[in-house]
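Below are the chains, spelled out letter by letter.
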Amino acid sequence: MTRQNAAAPSASEHKAHLVVRPSDLAAMLDRYQFSAEARQIIVAEKLLPVGLLSRLQAAYPQHSGLLETKPFLFEVGTNYTGLEGFRRVCAILQKNGIELSKIPEREFYIEVYRFLATSHALNSINWDNYQTDSVYQLVLPQPGMIAPEPTRAYVEAGTEAEKARIVADYTERTNPHDGNQQLNKPWFENDNGEVEFLEGSQHKYPQCQLIFDTSTQNCFSFCTYCFRHAQVRGDEDMFLQKDINQLHRYLKKHPEVTDLLITGGDGGFIPANRFSQYITPIIEDPELGHIRNIRLGSRALTFHPEMILSPRYDKMLELFDLLYENGIQMAWMAHFSTPRELLNPRTIAAIRRLKAHGVMVRSQSPIMNHISLFTDENGKVDVDRSAQNWIDLANILAMLGIGFHSMYAARPTGEHHYFAAPLADIERIFSRIYHSLSSINRPSRHISMTISAGKLAILGTAVINGEKCFALQFTEGRNMQWMDRVFHARYDEQKNKIDLLLPFDTQNYFFETELKEIEAALAEVLRQRLA
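Scoring rules and cut-offs
- Residues numbered from 1 in each chain as written.
- Predicted model: local features only at pLDDT ≥ 70, side-chain atom pairs only at ≥ 80, totals over all residues.
- Heavy atoms only, no water.
- Helix = DSSP H or I, 4+ residues; strand = E, 2+ residues; numbered from the N terminus.
- Rg over C-alpha atoms; globule rule 2.2 N^0.38 Å.
- Buried < 20%, exposed > 50% of the residue type's maximum accessible area, 1.4 Å probe, protein only.
- Contact = heavy atoms within 4.5 Å.
- Areas by Shrake-Rupley, 256 points an atom, 1.4 Å probe, with all protein chains shown as cover.
- Core = buried A, V, L, I, M, F, W, Y, C linked by side-chain atoms within 4.5 Å.
- Salt bridge = Lys/Arg side-chain N within 4 Å of Asp/Glu carboxyl O.
- Axes fitted to C-alpha atoms, helices over the stretch in contact; angles between N-to-C directions.
- Parallel < 35°, antiparallel > 145°, perpendicular 65-115°, else oblique.
- Left-handed = near helix turned anticlockwise from the far one by under 90°.
- Nonpolar A, V, L, I, M, F, W, Y, C, P; charged D, E, K, R; others polar.
- 1 Å grid on protein atoms, 1.4 Å probe; cavity = no way out; pocket = protein on both sides within 12 Å on 5 of 7 lines; lining within 4 Å.
- Points joined across faces, edges and corners; volume = space filled by probe spheres on them.

Attention now goes to the overall build of the protein chain. If you tally the helices and strands in the protein chain, you get 20 helices and 15 strands. In terms of overall dimensions, the protein chain is globule-like: its C-alpha atoms have a radius of gyration of 24 Å, near the 24 Å expected for 531 residues. A principal-axis box enclosing the C-alpha atoms of the protein chain has dimensions of 75 × 60 × 55 Å. Burial analysis of the protein chain (531 residues in total) assigns 55% to the buried set. Sequence separation of 24 or more characterises 73% of the internal contacts of the protein chain that already satisfy a separation of 6 or more. Of the roughly 23,800 Å² of accessible surface on the protein chain, a fraction of 49% belongs to carbon and sulfur atoms.

Here's what the structure looks like:
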């Protein structure tokens, strides 16, 4: 903290500011209003050792909220939902001298995509400098997120009916299912010869099946860049898995599946009794012995970590123990993209509690402009600042024992134009990150981008016959044999989507013809089976 008209702090004062003492821990628990039950869990299970907190604070004071003392603006344990919730947030901010601009533009975004924020997420924002705060951009709609023309039409609309029409029209244009996701819906013939569709699953890659359980169709807070908004706003073509027994029958016919990924919405919403129905047959039935990994895709550690610090979560922890004891990896797939999300006592304690019960916490981290990428005063991507955010994040993940699984670029859904950045800039940032980290702290794969064909990675740049190009490789594919081949795309400083890049030395990419055949076959089979 700077102090005007005062001597600079001495070395001993500066060092003391970086050390977390037991008294500081007590102050943290008071400020975050931990319940008596949560405090008992933290002490009994040693979830917040002062040695760890001191090391994190000393290494990254610029990101840390550990020693902050300013009272929270938002009542702990409160959620703010929809337009009414957003207006309550604005009123609280206004009461504290913070006036958000262009409210009608922000409300248009909320009408199209919805709004939900926990008090933990809102209190994670540095409100003294909120305009450049990553979590502020992550949970609160911003002017400019939706293109000017429909935004202007909404703001200038004369009646509520006209506004509703504009919202409905624009909602139809938001592309909630990028990458031909509907083609990923699995089906099988049951013992009676009848065709059954799994309405709440996707099975695009052999080893991993996604499950959109009926209990996980909500989120703790809504990310402004959401690429699953069809789920959270309840579109009629959302994925919704109701019948768990049906899933198990399908899995018995597909021994290539090794991983189940429960997602949503947010997989963290699944209650223990529902989760038990998924995993108990996997543990007990030899025909399901090919399932080796259970993944839970959740942002609870960013938005609602106190859930894990409650005795009510003990039943889930017992199920995680059961998986560990039976040789099944339980992976919690978090989505950290900024250090600020991690450096608070709730999240640290929740992470350590999960890990104590055999859970492998991993981070699939979204690369989003305004949140984890930053621009300079000229509107250009600030490579140095952006890379440092990720370098700091990677090292904090390592200090907390979290695997840095991957970094992925904005998917072409929702307001892609706002969150995407030129792939050339992202490649430069990733190169800086990779060079700056020790090998065990690096992301386990290169930048990931999803298209209908699969997941593509930019491996870097190459020069062929004197011309610069991108080197690409599949990390997942509709045909997994595509993963064996490195291929090239023309270098471009402006393109922000992988499918906008042109082939380097051929008219078409090597997989394009086969992809069209695969997609056509899938669509025809679905049409016939649905008929």
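Resuming the write-up.
This part takes up the nonpolar core. Formed by 148 residues in total, the largest nonpolar core has its most connected members in Leu140, Phe275, Leu301, Phe320, Trp332 and Leu354. The element best represented in this core is helix 17 (residues 383-399), accounting for eight residues. Discounting chain neighbours no more than four positions away, the residues touching leucine 140 are Phe86, Val89, Phe115, Leu122, Ile125, Trp127, Met145 and Thr224. Among the nonpolar cores identified, the runner-up in size contains five residues, and Cys208, Leu210, Phe212 and Leu261 belong to it.

In total, this model carries 21 salt bridges according to the counting rule given. The partner of arginine 87 in a salt bridge is glutamate 107, and the shortest N-O contact between them spans 2.8 Å. With arginine 87 in helix 5 (residues 82-95) and glutamate 107 in helix 6 (residues 103-113), the pair connects residues that are 20 residues apart, well separated along the chain. The exposure class assigned to arginine 87 is partly exposed, which follows from its relative accessible area of 45%. In this structure, the salt-bridge partner of aspartate 425 is arginine 428, at a minimum N-O distance of 2.7 Å. Taken together, the positions of aspartate 425 and arginine 428, both in helix 19 (residues 423-436) and three residues apart, correspond to about one turn of that helix. Relative accessible area serves as the criterion here: at 29%, arginine 428 is assigned to the partly exposed category.

What follows concerns the packing of helix 9 (residues 148-156) against helix 10 (residues 160-171). Between helix 9 and helix 10, the shortest axis-to-axis distance is 8 Å and the interhelical angle comes to 160 degrees. Regarding the angle of helix 9 to helix 10, the classification is roughly antiparallel. The crossing of helix 9 and helix 10 is left-handed. Here Pro150, Ala153 and Tyr154 of helix 9 come into contact with helix 10, specifically with Lys163, Ile166, Val167 and Tyr170. When the residues that make up the contact of helix 9 with helix 10 are grouped by side-chain class, the tally is six nonpolar, no polar and one charged.

On to empty space enclosed by the protein. One pass over the full model with this rule turns up seven cavities of 30 Å³ or more. What the second largest cavity holds in volume is close to 80 Å³. Of the residues forming the lining of the second largest cavity, the biggest block, three residues, is contributed by strand 12 (residues 447-451). Tallied by class, the residues present in the lining of the second largest cavity amount to seven nonpolar, three polar and three charged.

By volume, the second largest pocket is sized at about 990 Å³. Looking at the second largest pocket, it is lined by 43 residues, and the ones nearest its centre are Phe227, Arg228, Leu261, Gln364 and Arg411. With four residues, the single largest contributor to the lining of the second largest pocket is strand 5 (residues 201-205). The residue inventory of the lining of the second largest pocket, partitioned by class, reads 14 nonpolar, 18 polar and 11 charged.

All right, on to the environment of proline 422 then. When you line up the elements, proline 422 lands in the loop between helix 18 (416-419) and helix 19. Proline 422 sits in the buried class, given a relative accessible area of 18%. Separated by 72 residues in sequence, proline 422 and glutamine 494 place their C-alpha atoms 5.1 Å apart. Setting aside residues no more than four positions away along its own chain, proline 422 makes contact with Val381, Glu493, Gln494, Lys495 and Asn496.

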